[in-house]
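A closer look at the structure
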Amino acid sequence: MSFYWIKTNKLIKRFFSNYYWDIPNKENKVYLTFDDGPTPEITEWVLSELKKRDARATFFCIGNNIEKHPEIFKKVITEGHSIGNHTYDHLKGWKTTTKMYLDNSLLCGKQIQKSSTENLQPKIFRPPYGKITKSQSTQLRQLGYKIIMWDVLSADFDRSISPEKCLQNVIKNVKSGSVIVFHDSIKASQNLKFALPKTLDYLKENNFIFDVIY
């Protein structure tokens, strides 16, 4: 497994200040986010866990998955969660031309609009793997997109860590304003199914408020 930050370094945030790493506030709000869905085996379970605790979240969806699972996608929306763009094919920006990356991201945007009865056109974007070039970022931001990164990474996708470690990654690093990353994917499911309910309970017990990103 390649190196990654669990708690994003302050210097990284400062150097890439055009990106959103956290959302400071005085109301003790945190921002749960889920990448890579909708996934039939996982997303509906996530929605159930959120609903039990009256928690809202932001789902950065892959366009191809939206096209394959439109009813689950609509359920995410009707249950009060926010939607973000995660490209159509989960592209790695560092290995993709700017034109291809932009076209793929816009295709995802069209799929979101087509599959939502509300004609959604969200302007929040998370690059898969957190990897995006300066040119790709510039062009997306010129189109009005906010590039949403994260303050805390659960690392649920990392099968070499234990579910307990995944949980600790979050609860030891969360603070007011944190943008927290989970994944509603099969790959992450073992860690997610352990860590998410306990994370939600911990956050509620410590008076955090769940908010969404637009």
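The rules behind the values
- Residues numbered from 1 in each chain as written.
- Predicted model: local features only at pLDDT ≥ 70, side-chain atom pairs only at ≥ 80, totals over all residues.
- Heavy atoms only, no water.
- pLDDT = per-residue confidence, 0-100.
- Helix = DSSP H or I, 4+ residues; strand = E, 2+ residues; numbered from the N terminus.
- Buried < 20%, exposed > 50% of the residue type's maximum accessible area, 1.4 Å probe, protein only.
- Arc of directions from axis to C-beta.
- Contact = heavy atoms within 4.5 Å.
- Salt bridge = Lys/Arg side-chain N within 4 Å of Asp/Glu carboxyl O.
- Disulfide = S-S within 2.5 Å.
- Phe/Tyr/Trp six-rings, centres within 6.5 Å; stacked < 30°, edge-to-face > 60°.
- Lys NZ or Arg CZ within 6 Å of the ring centre and 35° of its normal.

**Observations concerning the confidence of the model for the protein**
Overall, the predicted model of the protein reaches an average pLDDT of 97, with 99% of residues at or above 70. The lowest-confidence element of the protein is helix H1 (residues 10-15), averaging 96 in pLDDT; the highest-confidence one is strand S2 (residues 58-61), averaging 99.

**Some words on helix H6 (residues 134-142)**
Within H6, burial applies to Gln 136, Ser 137 and Leu 140. Across the axial projection of H6, the buried residues extend over an arc of 95°, all falling on one side. With respect to the buried face of H6, the exposed residues turned more than 90 degrees away are Lys 134 and Gln 142. For H6, the secondary structure elements touched by its buried residues are helix H5 (98-115), strand S4 (124-125) and strand S5 (146-147).

**Concerning the pattern of salt bridges**
Scanning the entire structure with this criterion turns up 11 salt bridges. Here Asp 211 ties to Lys 29 by a salt bridge, and the two come within 3.2 Å at their closest N and O atoms. Of this pair, Asp 211 sits in the segment after strand S8 (209-210) while Lys 29 sits in strand S1 (residues 29-35), and the two are 182 residues apart along the sequence. Note that Glu 71 and Lys 74 form a salt bridge whose closest N and O atoms lie 3.7 Å from each other. On the criterion of helical spacing, the pair formed by Glu 71 and Lys 74 is a turn pair, its members being three residues apart in helix H4 (residues 70-78). Judged by its relative accessible area of 27%, Lys 74 is partly exposed. Connected via shared salt-bridge partners are Lys 7, Lys 13, Asp 22 and Asp 151.

**Some thoughts on the state of the cysteines**
By definition, a disulfide links two cysteine residues through a covalent bond between their sulfur atoms. This model, assessed by the stated rule, comprises zero disulfides. Cysteine Cys 108 is unpaired, with the sulfur of Cys 61 as its nearest cysteine sulfur at 7.4 Å. Distance from the sulfur of Cys 166, which forms no disulfide, to the nearest cysteine sulfur (Cys 61) is 19 Å. The buried category is assigned to Cys 166, whose relative accessible area is 0%.

**Let's talk about the packing of aromatic side chains**
Summed over the entire model, instances satisfying the criterion amount to nine aromatic pairs. For the ring pair Tyr 4 and Phe 157, a centre distance of 5.3 Å and an interplane angle of 65° mean the geometry is edge-to-face. Placement of the pair is Tyr 4 in the segment before H1 and Phe 157 in the loop between strand S6 (152-153) and helix H7 (163-171), with a sequence separation of 153 residues. When the ring centre of Tyr 129 is taken as reference, the NZ or CZ atom of Lys 92 above it lies at 4.7 Å.

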